[in-house]
Amino acid sequence: GSRSQDVTVRVLGSGRYVPATPYLAGAARSQGTQVLLRATVSADAASRHSLLRFDAAAATFTSLTFPVAGFETITSHAVNGPDVWVAVRGVSADGSFLLRRSADGTAKRFLAGTVETLNNVTPLTDGRVAFTAYGQERVLLLDPASGAVGSVATSGAPESLTLGADGTLFFTRR
């Protein structure tokens, strides 16, 4: 409509916080006092296979690596306490998958049961992880204890997910 609003956003790359090499972030998630940045899907392979951890207190950037290779690409990420979850667009017959990286650096792979691009990784209060698959009219739910992936049908493909303060999962759709 006719309404507009100016918004000022402080950018990590402005001022004293500048990565050693140029980095185009596609998303950011906080983990305590640190921020995890995810590169865009069109970035170079090294950037598509890791996250960039920014520590404001130390004014440092470090790479957080995952067992992702070749044309595989991290498409979404989330933080759940010390664990970091990433969605990976797979390129093999197994399809796309989720990875959970624990604080000690160990990673566990969970197949998503689809070849579609995964997005919107959202840890839930009951221990499950919700996520979406591009174009599918459902929210997928991973139970990390069993590795089982269930789903909840939606009318329209979910575009984004967020967890409310009371644990309710909300989504928008196209």
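As the structure is a computational prediction, the values presented were derived from the model and not from experiment. Position labels on residues start from 1 in each chain and follow its written sequence. Predicted model: local features are reported for residues with pLDDT of at least 70 only, side-chain atom pairs are reported and counted for 80 or more only, and whole-chain, interface and lining totals are derived from all residues. Hydrogens and waters are ignored; side-chain quantities use all the structure's heavy atoms.

1. A short note on the overall build of the protein chain
Part 1: Segments assigned H or I by DSSP are reported as helices when at least four residues long, segments assigned E as strands when at least two residues long, and all are numbered from the N terminus. Regarding its fold elements, the protein chain presents 1 helix and 14 strands.
Part 2: With 174 residues in all, the protein chain has 38% of them scored as buried.
Part 3: Here the contacts in the protein chain between residues at least 6 apart in sequence split such that 30% fall between residues at least 24 apart.
Part 4: The method behind every accessible area is Shrake-Rupley, applied with a 1.4 Å probe, and residues are considered shielded solely by the protein chains displayed. With the model as given, the accessible surface of the protein chain reaches about 9,800 Å², and the carbon-plus-sulfur share is 52%. Residue exposure (1.4 Å probe, protein chains only): buried if accessible area is under 20% of the type maximum, exposed if over 50%, otherwise partly exposed. The criterion used for residue contact is that any of the two residues' heavy atoms lie within 4.5 Å.

2. Digging into unusual backbone geometry
When glycine is set aside, most residues are seen to have a negative phi, and most peptide bonds are trans.
Part 1: Of note in the backbone geometry, alanine 59 takes a positive phi value of approximately 55° without being a glycine.
Part 2: When you line up the elements, alanine 59 lands in the loop between strand 3 (50-55) and strand 4 (60-65).
Part 3: For asparagine 120, which is not glycine, the phi dihedral falls at a positive 60°.

3. Observations concerning the environment of leucine 98
Part 1: The topology assignment puts leucine 98 in strand 7 (residues 97-101).
Part 2: By relative accessible area, which is 1% here, leucine 98 ends up buried.
Part 3: Considered as a pair, leucine 98 and histidine 77 are 21 residues apart in the sequence and their alpha carbons are 9.3 Å apart.

4. Some details on the sheet that holds strand 4
Part 1: Pairing between two strands is assigned when DSSP locates at least 2 bridges connecting them. Taken together, 4 strands build an open sheet; the order of strands is 1-2-3-4 and the sheet is antiparallel. Among the strands making up the open sheet, the edge pair consists of strand 1 (25-31) and strand 4. Neighbouring strand axes in the sheet, compared pairwise and without regard to direction, differ in orientation by 30° on average.
Part 2: Alignment of strand 2 (residues 34-39) against strand 3, held across 5 bridges, turns out to be antiparallel. Orientation is described by axes fitted as lines to C-alpha atoms, over the contacting stretch for helices, and by angles from 0 to 180 degrees between their N-to-C directions.

5. Some thoughts on the pairing of strand 1
Part 1: Bridge analysis of strand 1 against strand 2 gives 6 bridges, and the strand direction is antiparallel. Of the residues in strand 2, the one forming a bridge with serine 30 is valine 35.
Part 2: Linking strand 1 back to strand 2 in an antiparallel pair, the connection comprises 2 residues, with glycine 32 at a positive phi of about 65°.

6. Quick word on the nonpolar core
Part 1: To define a nonpolar core, start from buried Ala, Val, Leu, Ile, Met, Phe, Trp, Tyr and Cys residues and group those joined through side-chain atoms within 4.5 Å. Of all hydrophobic cores here, the largest spans 13 residues; its most connected members are Trp85, Leu98, Leu118, Val121, Val129, Phe131 and Leu142.
Part 2: Here the element with the most residues in this core is strand 10 (residues 129-133); it accounts for 3 residues.
Part 3: Once residues within four sequence positions are removed from consideration, valine 129 is found in contact with Trp85, Leu98, Val121, Thr122, Pro123, Leu140, Leu141, Leu142 and Pro144.
Part 4: Judged by nonpolar contacts, the second largest core, of 11 residues, contains Leu64, Phe66, Val68 and Ile74.

7. So, the sheet that holds strand 5 (residues 73-80)
Part 1: Spatially, the 4 strands line up as an open sheet ordered 5-6-7-8, and their pairing is antiparallel. Both edges of this open sheet fall to strand 5 and strand 8 (107-111), since each of them pairs with a single strand only. Ignoring strand direction, the axes of neighbouring strands in this sheet form an average angle of 20°.
Part 2: For strand 6 (residues 83-89) and strand 7, the ladder comprises 5 bridges, and the chain directions are antiparallel. Its bridge partner being in strand 7, valine 88 is matched across the sheet by phenylalanine 97.

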